[in-house]
Amino acid sequence: MRSFASDNNAGVDPRILAALGAANQGHAIGYGADEWTRRMEQAFREAFGPETRAYAVLTGTGANVLSLAALLEPHHAVLCAHNSHLWVDEGGAPERFLGAKLIPVRAKAGKLQVADLAAELQDPKDEHRAQPKLISVTQATEVGTLYSLAELAEIAAFAREHDFYLHMDGARLANAAVALNCSLAELVRGVDVLSFGATKNGLLCGEAVVFLRPGLDRRFKFLRKQGMQLISKMRFVSAQLEAYLSQQIWADNARHANAMAQYLAKAIVDIPGVELAFEVESNAVFVRLPTALIAPLQAHRYFYVWDERAAIARWMTAFDTQTDDIDDFVEVLRQLASQQTLPGPAPHSPPLHEVCP
Ligand SMILES: Cc1ncc(COP(=O)(O)O)c(C=O)c1O
């Protein structure tokens, strides 16, 4: 049964399996010296521009940490959202591997604001302070919202003005691009390095670190090896990424997952005690719901509780979510809701964007 826990709970797109099958012939030199990797690199140049340098890795955490490692020195600090994957969900990998300081910045509906970033500026001559040098934005955000192109341009201009690098965690970049109706290249304007996600949108496994300005990847191949993300049978990861880009799998799958999130959001609007916690802009539906409904609903189709204090759950749709899955889930939710006297969301619960570390 398909759940709403995460888009990475979905299986593998059959077109990706076909690409893996096609790559599974004969021998090929390992570690990326193969024709699939060359084609993958070319596909990234076509999608993001001729100066692009793309390197396959296995995990999103690896992509994030290595992206930052390529650009930072030990006295630098990273400004990231208080609910970013980097800050919350990487098990301390950035701190351990980078040895650099992360500074969580309050995000409103998942999005960093220039005024809050400006408050973190340090005197660049003060050796007592770790020096912020990189801003990391997540697109789509952790709560499924989107930075508009104008909002991104504003952050990029701030980064340029203060000589910061701009990193984008694009674990769900495809969902953002189709929702904003723009190309992948337009979405990363002003970004220096991108964690390009694909596993959540149909791959078996494979992400990429994508450098968008010449010269920034100078040390990267060594860092990737030291960071244990240099894959020996690279052709199989490269073949997936190449198919994902060149066959427009990214766009097809993201469009479908986003449409399923809209379908789910519309289906619950009239259920008493259930309300959206954030705008549904990509493939995530965040809802506040009565606490008593959570466990029985999870037992039917699993999902995560995002914020226990505020009783906010996260329902993710994926490339393979079907309307039948949603109809069935919503039917059970309706039954549960009708069986009880609903207290509604706890009155003291703050909205998620006000919950800061
Ligand atoms: C925003 C974001 N970034 C990065 C990741 C990378 O995850 P992983 O290291 O599990 O591949 C995830 C996965 O949940 C994510 O949601």
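Draft legend 1. Inspection of the packing of aromatic side chains at higher detail. Evaluation of the coordinates by the stated rule reveals 15 aromatic pairs. For the ring pair Phe-44 and Phe-48, a centre distance of 6.1 Å and an interplane angle of 15 degrees mean the geometry is stacked. In this pair, Phe-44 and Phe-48 are both assigned in helix H2 (residues 35–48), four residues apart and thus about one turn of the helix distant. The exposure classification of Phe-44 matches that of Phe-48, with both residues buried. Measuring from ring centre to ring centre gives 6.0 Å for Phe-196 and Tyr-244, while their planes differ by 75 degrees; the resulting arrangement is edge-to-face.

Draft legend 2. Focus on the pairing of strand S5 (residues 165–170). In terms of burial, S5 is largely enclosed, as six of its six residues are buried. Alternating positions in S5 separate into two faces, Tyr-165, His-167 and Asp-169 on one and Leu-166, Met-168 and Gly-170 on the other, with burial throughout. Pairing geometry for strand S4 (residues 131–138) and S5, over five bridges, is parallel. Residue pairing for S5: Thr-138 is matched across the bridge by Asp-169. Remark: the S4/helix H7 (residues 149–161)/S5 crossover connection has right-handed handedness.

Draft legend 3. Expanded view of the packing of H2 against helix H11 (residues 234–246). Running from amino to carboxyl end, H2 crosses H11 at an angle of 30 degrees, the nearest separation of the two axes being 8 Å. As the angle between them shows, H2 and H11 are arranged roughly parallel. As for the relative orientation of H2 and H11, their crossing is left-handed in sense. Together, Trp-36, Thr-37, Arg-39, Met-40, Ala-43, Phe-44 and Ala-47 of H2 and Met-234, Arg-235, Ser-238, Ala-239, Leu-241, Glu-242 and Leu-245 of H11 make up the contact between the two elements. Taken together, the residues of the contact of H2 with H11 break down into nine nonpolar, two polar and three charged.

Draft legend 4. Quick look at the layout of surface pockets. If you add up the space inside the largest pocket, you get close to 480 Å³. Taken together, 24 residues line the largest pocket, and the ones lying closest to its centre are Asn-8, His-85, Ala-171, Arg-172 and Lys-200. Secondary structure elements with two or more residues in the lining of the largest pocket: helix H3 (60–71), strand S6 (193–196) and strand S10 (304–307). It is H3 that contributes the most residues to the lining of the largest pocket, three residues altogether. Within the lining of the largest pocket, the residues separate by chemical class into five nonpolar, 11 polar and eight charged. Here the lining of the largest pocket spans two domains, and each of domain 1 (12–249) and domain 2 (251–354) adds at least three residues to it.

Draft legend 5. Spotlight on the domain arrangement of the protein chain. Domains assigned within the protein chain are domain 1 (12–249) and domain 2 (251–354). Across the interface of domain 1 and domain 2, roughly 1,800 Å² is buried in total on both sides, 50% from carbon and sulfur atoms. Its largest share of buried area at the contact with domain 2, domain 1 owes to Val-143, Asn-175 and Val-178, together 27% of the area lost on that side. At the surface where domain 1 touches domain 2, the tally comes to one salt bridge. Note that Asp-252 and Arg-15 form a salt bridge whose closest N and O atoms lie 2.7 Å from each other. At the junction of domain 1 with domain 2, the criterion picks out 13 residue pairs in polar contact (both at pLDDT 80 or more). Counting residues per element, the side of domain 1 that touches domain 2 draws most heavily on helix H8 (residues 173–180), at four residues. Along the lines of polarity and charge, the residues of the side of domain 1 that touches domain 2 split into 10 nonpolar, eight polar and six charged.

Draft legend 6. Inspection of the site of the ligand at higher detail. Neighbouring the ligand are Thr-59, Gly-60, Thr-61, Asn-64, His-85, Thr-138, Glu-142, Asp-169, Ala-171, Arg-172 and Lys-200. Between the ligand and Arg-172 there is a distance of 3.3 Å, counted from an oxygen atom to a side-chain nitrogen or oxygen. Interatomic distance of 2.7 Å between a side-chain N/O atom of Lys-200 and an oxygen atom of the ligand. Contact with the protein chains covers 77% of the free accessible surface of the ligand, which is 390 Å². Of all the cavities here, the one that holds the ligand is the largest pocket. By residue number, the principal contributor to the shell around the ligand is H3, which donates three residues. Here the residues of the shell around the ligand sort into one nonpolar, six polar and four charged.

Draft legend 7. How the structure looks around empty space enclosed by the protein. In total, this model carries one cavity of 30 Å³ or more according to the counting rule given. Estimated volume of the largest cavity: approximately 30 Å³. Lining the largest cavity we find Thr-141, Glu-142, Gly-144, Arg-172, Ser-282, Asn-283, Ala-284, Arg-314 and Met-316. Formed jointly, the lining of the largest cavity draws a minimum of three residues from each of two domains, domain 1 (12–249) and domain 2 (251–354).

How each quantity is defined
Residue positions are counted from 1 within each chain, in the order its sequence is given. Restriction of local features to residues with pLDDT of at least 70 applies here, the model being predicted, together with a cutoff of 80 or more for giving and counting side-chain atom pairs; totals for whole chains, interfaces and linings are based on all residues. Water and hydrogen atoms were dropped before computing side-chain values, which therefore reflect all heavy atoms in the structure. Only Phe, Tyr and Trp rings take part, Trp by its six-membered ring, and two of them pair if their centres are within 6.5 Å. Stacked means planes under 30 degrees apart, edge-to-face means over 60, and tilted covers everything else. Helix and strand assignments follow DSSP, with helices taken as H or I runs no shorter than four residues and strands as E runs no shorter than two, numbered in order from the N terminus. Classification of residues uses two cut-offs on accessible area relative to the type maximum, computed with a 1.4 Å probe and protein chains only: under 20% is buried, over 50% is exposed, and between them is partly exposed. Each pair of strands is called paired provided DSSP finds at least two bridges between the two strands. When the strands point away from the viewer, a crossover counts as right-handed if the path from the first strand over the helix to the second runs clockwise. Angles run from 0 to 180 degrees between N-to-C directions of axes, and those axes are lines fitted to C-alpha atoms, restricted for helices to the stretch in contact. Orientation labels follow simple angle bins: below 35 degrees gives roughly parallel, above 145 gives roughly antiparallel, 65 to 115 gives roughly perpendicular, and whatever is left gives oblique. Crossing handedness: left-handed means the near helix sits turned counterclockwise from the far one by under a right angle, and right-handed means the same turn made clockwise. Note on contacts: a residue pair qualifies if any of its non-hydrogen atoms lie within 4.5 Å across the two residues. For this scheme, ten residues count as nonpolar: Ala, Val, Leu, Ile, Met, Phe, Trp, Tyr, Cys and Pro. Four count as charged, namely Asp, Glu, Lys and Arg, and the remainder, Gly too, count as polar. Of the grid points, spaced at 1 Å and generated over the protein atoms alone, those admitting a 1.4 Å probe that cannot get out make up cavities, while open sets with protein on both sides within 12 Å along at least five of seven lines make up pockets; any residue with an atom within 4 Å of a point is treated as lining. Grid points are joined across faces, edges and corners, and a volume is the space filled by probe spheres set on the points. Domain borders in the structure are assigned automatically or taken from a domain database. Here the quantity called buried area is the accessible surface, traced with a 1.4 Å probe, that two parts lose on coming together, added over both. Only one rule defines a salt bridge in this text: a Lys or Arg side-chain nitrogen within 4 Å of an Asp or Glu carboxyl oxygen. Counting of polar contacts relies on pairs of N or O atoms within 3.5 Å, with two restrictions inside protein: one atom must be capable of donating a hydrogen and the other of accepting it, and residues adjacent in sequence are counted only when both atoms are side-chain atoms. Whether a residue is near a molecule or strand depends on its heavy atoms: if one lies within 4 Å, it is near. Here the accessible surface of atoms and residues is derived via Shrake-Rupley with a 1.4 Å probe, and residues count as covered only by protein chains that are part of the display. By definition, a pocket or cavity contains a molecule when more than half of the molecule's atoms lie within 2 Å of the pocket's grid points.

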